[in-house]
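So you can see what is in the structure, the chains are spelled out below.
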Number of protein chains: 2
Amino acid sequence: MLNQIIENYSIETLARVFTRAPYQQNKLHQSDAELIRLPGTEITLALTMDSIVEEIETGLYSDPYLIGWMIVMANASDLAAVGARPLGILINETFSKDIAGSAKDKIQNGIEAACFNSGMYVLGGDTNISTQMEMTGCAVGYIDTGDPVTRKGCKAGDILYISDRMGAGNAFAVKQLYLSDSQKCSSNYLPQSRIIEGQTLARFATSCMDTSDGFFAALDQLKRINHSGFRLEYPLDSFIHPLAYNCCKSLNLPLWLMLAGHHGEYELVFTIAKENEDSFLQAADRINWKPVRIGYVQEELTISMLDNEDTVSVDTAGVRNIFAENPGGNVQDYIIKLLNLGKTFNRRKL
Amino acid sequence: MLNQIIENYSIETLARVFTRAPYQQNKLHQSDAELIRLPGTEITLALTMDSIVEEIETGLYSDPYLIGWMIVMANASDLAAVGARPLGILINETFSKDIAGSAKDKIQNGIEAACFNSGMYVLGGDTNISTQMEMTGCAVGYIDTGDPVTRKGCKAGDILYISDRMGAGNAFAVKQLYLSDSQKCSSNYLPQSRIIEGQTLARFATSCMDTSDGFFAALDQLKRINHSGFRLEYPLDSFIHPLAYNCCKSLNLPLWLMLAGHHGEYELVFTIAKENEDSFLQAADRINWKPVRIGYVQEELTISMLDNEDTVSVDTAGVRNIFAENPGGNVQDYIIKLLNLGKTFNRRKL
């Protein structure tokens, strides 16, 4: 069932000759960060690697400061999703031959600011020169307070939460790739990873995943790993980020598109067993965090949302595979394909 | 003094805005791998990141199996140089759009074979698509047996050793980039990292560094970090690798060129205090390893070698900066520049 998703299948194909480390606690796909039990201890290392390649080539990230910021946040977010304490990050910077010194400075400043913001440090890295700029980060953290939270473990009846409202990542992508230069406002998109929130929810959550590939992609992956479905029981506009809401209204796009696009944000989707909900909310309150309750886990293997007056069953596999079939493609085509797919969603009146 | 080397200066410039992690044990330049004291424990994590970019773009690595092999070995070698026990590696693979499935398979097989060979596992990673293939690895290991060995710590009088004979990496580069296709033999170059040797020498060595950027580059960096010089007291042909020796003889190149070229191998250069030499050699013998004694550390800040009948003072800064000034340049020009620099080395008869 995982293999119905092109991305999962590609990863499995690439990994099939690799021997799994005996001290690795997570299986393939089961965790946002790799979980390595340090031999002879009760400490779990959390390791993750994330690159920024297509985002630079397509022009999605054009501001050097944002590129630096994002390479840290993309990796920090995976540590957040397993509730790890971050130690730091190693970064490979492949610069284009003709990059200006001032652009390098902005990248470095973005990296440092994002590290400061996430309680991380740059521990090391590598630099190279190529025709094409790209960045790869590898973040490391650790968990010494029991079992880490992974993507696997939720059960029908668990409550579905998000760390904050969704869709800002896709709103940014639409603005950056879809609007003309004159329509773009200056970039103020600097998403934050949910490190402290991740550590807090890890004590209660039955599963957790970040939304870096979009909200529906996260729900779809959780569904496949847990053999469970999800019912979103509140209207979309109650948990869509204001930036995403405004984007849809001004361009006359449906709200669900902001949950479907592949450029997510670094929020967390997670599930809490009913009996732990009160303690969880008290713990969240102690760090001044207001997680957003959006639905629950169900046995039925569907993902349904409330859209206007309808209950809509979302083809999340279709949503994910449209992107995978043409990852660096034209954003206009991509939106049209998503909208056409949306017409096939099963809808019924409330 | 470190900053006389273009590469050191570039790294310092990139790193200057970064806050150093309070639990990082090594300073910039002082270690092949980053050494992170895991808070609340006596365990040191060893982390390193190394990429293969220019090697692919210039055609130095054209065989996909070799590319997979090298991304593991380049990183494993840094763990070896600090005496760490390896845990594994995360790898970002950026594939070109048109890569064949069979080439991907060969890369994965090369990665798996190199991991098996180094006692490592692929723990995770990322994949991307770009116009240009590139690979980034991040290896992790740990040290729970006291202080790790770093590049810093040798003193005048310490004995200088290498893990095996030198120059095979540069011989491969000459064959791959300098000879015509008809002159090239099929690739049988698969260098090994010195993981077990590194763990063995770590109990005795006062400093250690791998030769991945060439032997002279390693000696030069050790010289700058330790404010000491080195005297190579045996003729070059006694510690030049047979592949390098044959390469020089057939192309009428001087032997020292195989120590100067930037494409080193994954051998280790290290120093042992005189009083520990016997115990070190006994420990090496127990793992059937024959380290090669080549000279000693001296107060005089020079690096001298025995070349034919001469004692030659090598301008290792010049050697390193020639490469840094034109990293992706033509290999023929590079060799001519090195040979011209060689004419300026201070020589005197024995």
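Further up the page is the structure itself.
The sections below set out a description of the structure shown in this document.

## Looking at the relation of the copies chain A and chain B
Of the transformation superimposing chain A on chain B, the axial component is 0.0 Å and the angular component is 180°, with the fit at an RMSD of 0.0 Å. Such values leave the two copies arranged in the relation of a two-fold axis. In this assembly, 100% of the residues forming the interface of chain A have copies in chain B that are likewise at the interface, indicating an isologous arrangement.

## Notes on the packing of aromatic side chains
Taken as a whole and assessed by the stated rule, the structure comprises 26 aromatic pairs over all chains. Measuring from centroid to centroid gives 5.8 Å for Tyr23(A) and Tyr121(B), while their planes differ by 90°, and the two rings are edge-to-face. With Tyr23(A) in the loop between α1 (6-15) and β1 (34-37) and Tyr121(B) in the loop between α4 (101-118) and β4 (122-130), this residue pair bridges two chains. Residues Phe172(B) and Tyr189(B) carry aromatic rings whose centres are separated by 4.5 Å and whose planes lie at 15° to one another, so their mutual orientation is stacked. You can see Phe172(B) sitting in helix α5 (residues 168-178) and its partner Tyr189(B) sitting in the loop between α5 and α6 (195-201), a full 17 residues away along the chain. Accessibility classification places Phe172(B) together with Tyr189(B) in one group, the buried group. A network of ring pairs unites the aromatic residues Tyr161(A), Phe204(A), Phe270(A), Phe280(A) and Trp289(A) as a single cluster. The ring of Phe95(A) carries the charged tip of Lys104(A) above its face, separated from the ring centre by 4.8 Å.

## Quick notes on the sheet that holds strand β1 (residues 34-37) of chain B
Residues and elements named next belong to chain B. An order of β1-β2-β5-β3-β4 is seen for the five strands of this open sheet, with the pairing classed as mixed. Two strands bound the open sheet, and with one partner strand each, they are β1 and β4. Adjacent strand axes in the sheet meet at a mean angle of 15° when their direction is disregarded. Bridge analysis of β1 against strand β2 (residues 44-52) gives four bridges, and the strand direction is antiparallel. Its bridge partner lying in β2, Leu35 is registered against Ala46. Against the sheet, α4 touches β3 (85-96), β4 and β5 (134-143), its axis set at about 170° to β3.

## Regarding the sheet that holds strand β13 (residues 346-349) of chain B
Residue and element names in this part refer to chain B. Across the sheet, which stays open at both edges, the eight strands sit in the order β7-β9-β6-β10-β8-β11-β12-β13 with mixed pairing between neighbours. Of all strands in the sheet, those bounded by a partner on one side alone are β7 (205-210) and β13. When strand polarity is set aside, the average angle formed by the axes of neighbouring strands in this sheet is 25°. With three bridges joining them, strand β8 (residues 229-235) and strand β11 (residues 303-307) adopt parallel strand pairing. The residue of β11 that forms the bridge with Pro235 is Leu306.

## Structural notes on the interface of chain A and chain B
On the chain B side, the residues contacting the 58 residues of chain A number 58 residues. Both sides together, the interface formed by chain A and chain B hides about 4,800 Å², and carbon and sulfur atoms give 61% of it. Together, Leu14(A), Phe18(A) and Met49(A) form the three largest contributors to the area buried by chain A at its contact with chain B, with a combined 14%. Linking chain A with chain B are two salt bridges. Arg16(A) serves as the salt-bridge partner of Asp105(B), at 3.8 Å between the closest nitrogen and oxygen. The interface formed by chain A and chain B contains 20 residue pairs in polar contact (both at pLDDT 80 or more). For the side of chain A that touches chain B, the secondary structure elements donating two or more residues are β1, β2 (44-52), α2 (54-57), β3 (85-96), α4 (101-118), β4 (122-130) and β5 (134-143) of chain A. When residues of the side of chain A that touches chain B are assigned to their parent elements, the largest contribution, nine residues, is made by β4(A). Partitioning the side of chain A that touches chain B into residue classes produces 27 nonpolar, 18 polar and 13 charged.

The rules behind these values
Residues numbered from 1 in each chain as written. Chains lettered and ligands numbered in written order. Predicted model: local features only at pLDDT ≥ 70, side-chain atom pairs only at ≥ 80, totals over all residues. Heavy atoms only, no water. Least-squares fit on C-alpha atoms with pLDDT ≥ 70 in both. Contact = heavy atoms within 4.5 Å. Phe/Tyr/Trp six-rings, centres within 6.5 Å; stacked < 30°, edge-to-face > 60°. Helix = DSSP H or I, 4+ residues; strand = E, 2+ residues; numbered from the N terminus. Buried < 20%, exposed > 50% of the residue type's maximum accessible area, 1.4 Å probe, protein only. Lys NZ or Arg CZ within 6 Å of the ring centre and 35° of its normal. Pairing = 2+ DSSP bridges. Axes fitted to C-alpha atoms, helices over the stretch in contact; angles between N-to-C directions. Buried area = accessible area lost by both parts, 1.4 Å probe. Salt bridge = Lys/Arg side-chain N within 4 Å of Asp/Glu carboxyl O. Polar contact = N/O pair within 3.5 Å; in protein donor to acceptor, adjacent residues only side chain to side chain. Nonpolar A, V, L, I, M, F, W, Y, C, P; charged D, E, K, R; others polar.

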